[in-house]
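Residue-level structure breakdown
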Amino acid sequence: LVMGTIPVLGSPPGLTGLCPLAGLSPTSSIHVYTQREVYGTVGSHVTLSCSFWSSEWISEDISITWHFQAEGSRDSTSIFHYAKGQPYIDDVGSFKERMEWVGNPRRKDGSIVIHNLDYTDNGTFTCDVKNPP
């Protein structure tokens, strides 16, 4: 850890499987890609990139949720949610006044910016994308 720099860790590229009601349609998957690690300086800002790809059409009901797990903690907290075409920044926790939605689901982008970084922002951020049929 370089003095004044916070490693802001992202989740590794992953695969989230979606399972619609049994028997109605086959299971489709969506691939979610993030940076493995992101570093920021205290007081500055970082963009947490989240892009996704699916062989299926991107639904109007797509949802994107960002979670944060502080370094050394076992608990993960929801800090941002996008649903029904609207971004919702969770109104609890230390990110509520410092987060900005910069994503565009039509461009398969679920990225956020965290402003005014603090040492307490060190941890794992996870982007979860769901594309219902």
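Above this note sits the structure.
Below is a summary of the structure that appears in this document. The model shown is predicted, which means the values in this text are computed figures rather than measured ones. (Residues numbered from 1 in each chain as written. Predicted model: local features only at pLDDT ≥ 70, side-chain atom pairs only at ≥ 80, totals over all residues. Heavy atoms only, no water.)

Focus: unusual backbone geometry
Positive phi, close to 60°, is recorded for lysine 108, a residue that is not glycine. Within the secondary structure layout, lysine 108 lies in the loop between β10 (99–101) and β11 (112–114). Using a relative accessible area of 29% as the deciding quantity, one classes lysine 108 as partly exposed. Of note in the backbone geometry, asparagine 116 takes a positive phi value of approximately 50° without being a glycine. Within the secondary structure, asparagine 116 sits in the loop between β11 and β12 (123–130). (Helix = DSSP H or I, 4+ residues; strand = E, 2+ residues; numbered from the N terminus. Buried < 20%, exposed > 50% of the residue type's maximum accessible area, 1.4 Å probe, protein only.)

Section: the environment of lysine 96
Summarising the element assignment, lysine 96 is placed in the loop between β9 (86–89) and β10. Classification of lysine 96 by relative accessible area gives partly exposed; the value is 39%. Sequence separation of lysine 96 and isoleucine 79 is 17 residues, and the distance between their C-alpha atoms is 7.5 Å. If near-sequence neighbours (up to four positions away) are discounted, lysine 96 is found in contact with Ile89, Asp90 and Asp91. (Contact = heavy atoms within 4.5 Å.)

Considerations on the pairing of β9
When strand β8 (residues 77–83) meets β9, the two strands line up antiparallel, connected through four bridges. Residue pairing in the sheet places histidine 81 in a bridge with tyrosine 88 of β9. Following β8, the chain reverses through two residues before pairing antiparallel with β9; lysine 84 in that reversal takes a positive phi of roughly 50°. (Pairing = 2+ DSSP bridges.)

Some thoughts on the pattern of salt bridges
If charged atoms from side chains of opposite charge come close, those side chains can pair. Applying the stated criterion across every chain yields a total of two salt bridges. The salt bridge partner of arginine 98 is aspartate 121, with a shortest N-O separation of 2.8 Å. Placement of the pair is arginine 98 in the loop between β9 and β10 and aspartate 121 in the loop between β11 and β12, with a sequence separation of 23 residues. Here arginine 98 falls in the buried class, since its relative accessible area comes to 12%. (Salt bridge = Lys/Arg side-chain N within 4 Å of Asp/Glu carboxyl O.)

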